[in-house]
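Fold and geometry: a report
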Amino acid sequence: DPKLSRIADELLALSSAELDDYSALMRLKLRLSLTSNPAAGLGPGAAGDAASGSAGAEEAAAVKTAFDVKIEKYDAAAKIKIIKEVRAMTDLGLKEAKELVEKAPVVVRAGLPKEEAEALAAKLKAAGAAVALE
């Protein structure tokens, strides 16, 4: 397909900084966590599901099976505890976890089953964060 060939050529011409920005943009478009593995959630048909538009979003809202854990805000005194919890649940380093927490409101983990999302939300709430499941 000439269109895909052109897109591939343009991607190969990008600098590493531009590729990082592109990667972050694609993760946002596909509703992936910025901390997730780039290939995570891209099983068979995932790209097609993401591209299906608002009709797919309406169907997904009717039967929600995947949840995102989002830190809305946190108490400054509890920041260290929250960073420790984020590190434990995301395998991020100290610097990355700190930067992620400081960006609140931010999605910490995306696409989790309801039980796992609720468990992680409970841990973050116990540490002092205001958490939302989306």
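Note that the structure is predicted; figures quoted are calculated from it, not measured. (Residues numbered from 1 in each chain as written. Predicted model: local features only at pLDDT ≥ 70, side-chain atom pairs only at ≥ 80, totals over all residues. Heavy atoms only, no water.)

Quick look at the nonpolar core
How we decide: Residues belong to one nonpolar core when they are buried, are Ala, Val, Leu, Ile, Met, Phe, Trp, Tyr or Cys, and are joined through side-chain atoms within 4.5 Å. Think of it in three bands: residues with accessible area under 20% of the maximum for their type are buried, residues over 50% are exposed, and the middle band is partly exposed, with areas taken using a 1.4 Å probe on protein chains only. Here a helix means four or more residues in a row that DSSP labels H or I, a strand means two or more in a row labelled E, and each is numbered from the N terminus. Note on contacts: a residue pair qualifies if any of its non-hydrogen atoms lie within 4.5 Å across the two residues.
If you look at the biggest cluster of nonpolar residues, it comprises 22 residues, and the most contacted ones within it are V69, I71, I82, V86 and L124. For this core, the secondary-structure elements that each account for two or more residues are β1 (67–74), α5 (79–90), α6 (94–102), β2 (106–112), α7 (114–127) and β3 (129–133). It is α7 that contributes the most residues to this core, five residues altogether. With residues near it in sequence (within four places) discarded, I71 still touches I82, V86, A104, P105, V106, V108, L124, A129 and A130.

Considering α5
Convention followed: Each helix should span, by expectation, one fewer than its residue count multiplied by 1.5 Å. The arc in question is traced by the directions running from the helix axis to the C-beta atoms.
An ideal rise of 1.5 Å per residue puts 16 Å on 12 residues; α5 measures up with 16 Å between its terminal C-alpha atoms. Residues I82, I83, V86, M89 and T90 constitute the buried set of α5. Angular distribution of buried residues about the axis of α5 spans 135°; they occupy a single face of the element. Facing away from the buried side of α5, by more than 90 degrees, are the exposed residues I80, K81, K84 and A88. In this structure, the buried residues of α5 make contact with β1, α6, β2, α7 and β3. With its phi angle positive at about 60°, D91 sits one or two positions after the end of α5.

Regarding the packing of α5 against α7
The condition is simple: Fitting a line to C-alpha atoms yields each axis, with helices limited to the stretch in contact; the angle taken between N-to-C directions then spans 0 to 180 degrees. Just so you know how the angles are binned, under 35 degrees is roughly parallel, over 145 roughly antiparallel, 65 to 115 roughly perpendicular, and the rest oblique. Definitions for this section: a left-handed crossing has its near helix turned counterclockwise from the far helix by less than a right angle. A right-handed crossing has that turn clockwise. When residue character is reported, Ala, Val, Leu, Ile, Met, Phe, Trp, Tyr, Cys and Pro are called nonpolar, Asp, Glu, Lys and Arg charged, and the others, Gly included, polar.
Packing of α5 against α7 brings their axes to within 8 Å, and their N-to-C directions diverge by 160°. Accordingly, the angle class assigned to the pair α5 and α7 is roughly antiparallel. When you trace α5 past α7, the crossing you get is right-handed. Contacts between α5 and α7 pair K81, I82, E85, V86 and M89 from the former with L120, K123, L124 and A127 from the latter. Residue composition of the contact of α5 with α7, by class: six nonpolar, no polar and three charged.

Observations concerning the sheet that holds β1
Test applied: Pairs of strands are assigned from DSSP output, requiring at least two bridges between the strands.
With respect to topology, three strands assemble into an open sheet ordered β2-β1-β3, the strand pairing being antiparallel. Taken across any chain shown, the strands that pair with only one partner, and hence form the sheet edges, are β2 and β3. Each adjacent strand pair in this sheet contributes to an overall mean axis angle of 20°, direction not counted. Direction of pairing for β1 relative to β3: antiparallel, over a ladder of five bridges.

Side note on the side chain of K70
Note the following rule: Any pair of N or O atoms that falls within 3.5 Å is considered a polar contact. Within protein, one atom must be able to donate a hydrogen and the other to accept it, and sequence-neighbouring residues count only if both atoms are side-chain atoms.
Checked against the element boundaries, K70 lands in strand β1. We classify K70 as buried; its relative accessible area is 19%. Side-chain polar atoms of K70 contact the side chain of E134, separated by 3.4 Å. Those residues in contact with K70 that lie beyond four places of it in its chain are P105, V106, V107, V108, A130, V131, A132 and E134.

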